[in-house]
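Understanding the architecture of this molecule
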Amino acid sequence: AQSVSQHNHHVILSEAASLELGCNYSYGGTVNLFWYVQYPGQHLQLLLKYFSGDPLVKGIKGFEAEFIKSKFSFNLRKPSVQWSDTAEYFCAVNADESAGNNRKLIWGLGTSLAVNP
Amino acid sequence: SAVISQKPSRDICQRGTSLTIQCQVDSQVTMMFWYRQQPGQSLTLIATANQGSEATYESGFVIDKFPISRPNLTFSTLTVSNMSPEDSSIYLCSVAAGTSTDTQYFGPGTRLTVL
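The text that follows walks through the structure, step by step, so that each part is easy to find. (Residues numbered from 1 in each chain as written. Chains lettered and ligands numbered in written order. Predicted model: local features only at pLDDT ≥ 70, side-chain atom pairs only at ≥ 80, totals over all residues. Heavy atoms only, no water.)

1. Brief notes about the overall build of chain B
Test applied: Secondary structure is summarised from DSSP: a helix means a run of H or I of at least four residues, a strand means a run of E of at least two, and numbering begins at the N terminus for each. Taken over C-alpha atoms, the radius of gyration is set against a globule rule of 2.2 Å times the number of residues to the power 0.38. Throughout this description, buried means an accessible area under 20% of the type-specific maximum (1.4 Å probe, protein chains only), exposed means over 50%, and partly exposed covers the range between. Residues count as neighbours in contact if any of their non-hydrogen atoms are within 4.5 Å of one another.
Along chain B, the regular secondary structure elements total zero helices and 11 strands. Listed N to C, the secondary structure of chain B is β-β-β-β-β-β-β-β-β-β-β in terms of helices and strands. Taken over C-alpha atoms, the radius of gyration comes to 13 Å for chain B, in line with the 13 Å a tight globule of 115 residues would show. Seen through its C-alpha atoms, chain B measures out along the principal axes to roughly 40 × 25 × 20 Å. Burial analysis of chain B (115 residues in total) assigns 52% to the buried set. A separation of at least 24 residues holds for 54% of the contacts in chain B among residues at least 6 apart in sequence.

Okay, structure coming up:
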């Protein structure tokens, strides 16, 4: 069965520190990859996504992620975090073997990021 | 991206009662989904709401407990029936639209507490 692993459940950083959140998935075929963010008290928002092409994807608010097919990974990075980046971050993968219109997202457990000012 | 609203935003309910959650989208969308997000856990897909036909439920979720309606391309409801404290959770509506139906956009969620 397809699965998504996020290695860091809780991350605490100081402002200006660099961030890397790990995401690995288990599926050998074509995948679409997503990072979503949920700020405190707000709803889930799409941060960035990878469908095809350049494996280095840039998203909103200075975030980027790199798809490494050989490692089945899609790690999220930001060179310098801010207090406002405090949020829950979710990695998700869409890789339904049956394809078609009912492709489901498989979600990681999420990483809680706290940035201290 | 689509703008999604959910009602109610939160509710506190008694055991054994039912609650219907509404999801409204500001444009016609191909796919609508219902998720549950329990405290400290990730999102779990309950079902895909199909327009004009019965919803497609994921393993562990049944229509009697979570009946879903989708009368048109912009609206869906999820009912949590015969509630117990274990149903306390955030229920989320999401939609997939546009040229890529793989990207999902989420509503604000409904926070349900069952006493």
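2. Regarding the interface of chain B and chain A
So the rule is basically this: Once two parts are joined, some of their accessible surface, as seen by a 1.4 Å probe, is lost; buried area is that loss totalled over both. Any pair of nitrogen or oxygen atoms within 3.5 Å is treated as a polar contact; in protein, a donor-acceptor pairing is required on top of that, and neighbouring residues in sequence qualify only through side-chain atoms on both sides.
With 20 residues of chain B in contact, the opposing surface of chain A contributes 19 residues. Buried surface at the junction of chain B and chain A, summed over both partners, amounts to about 1600 Å²; 52% is from carbon and sulfur atoms. The largest share of the area that chain B buries against chain A comes from S42, D102 and F106 of chain B, three residues that together contribute 33% of it. If you look at where chain B meets chain A, you find four residue pairs in polar contact (both at pLDDT 80 or more).

3. A closer look at the pattern of salt bridges
Formally: By definition here, a salt bridge exists when the distance from a side-chain nitrogen of Lys or Arg to a carboxyl oxygen of Asp or Glu is within 4 Å.
Taken as a whole and judged by the stated rule, the model has five salt bridges over all chains. Here R77 of chain A ties to E66 of chain A by a salt bridge, and the two come within 3.2 Å at their closest N and O atoms. Of the two residues, R77 of chain A is situated in strand β9 (residues 73–78) and E66 of chain A in strand β8 (residues 64–68); the sequence distance between them amounts to 11 residues. For R77 of chain A, a relative accessible area of 22% gives the class partly exposed. Measuring nitrogen to oxygen at the nearest pair gives 2.6 Å for the salt bridge that ties K65 of chain B to D87 of chain B. With K65 of chain B in the loop between β6 (56–57) and β7 (68–72) and D87 of chain B in the loop between β8 (75–80) and β9 (89–96), this pair connects stretches of sequence that are 22 residues apart. Among the residues examined, D87 of chain B registers a relative accessible area of 5% and is labelled buried. Connected via shared salt-bridge partners are K58, E64, E66 and R77 of chain A.

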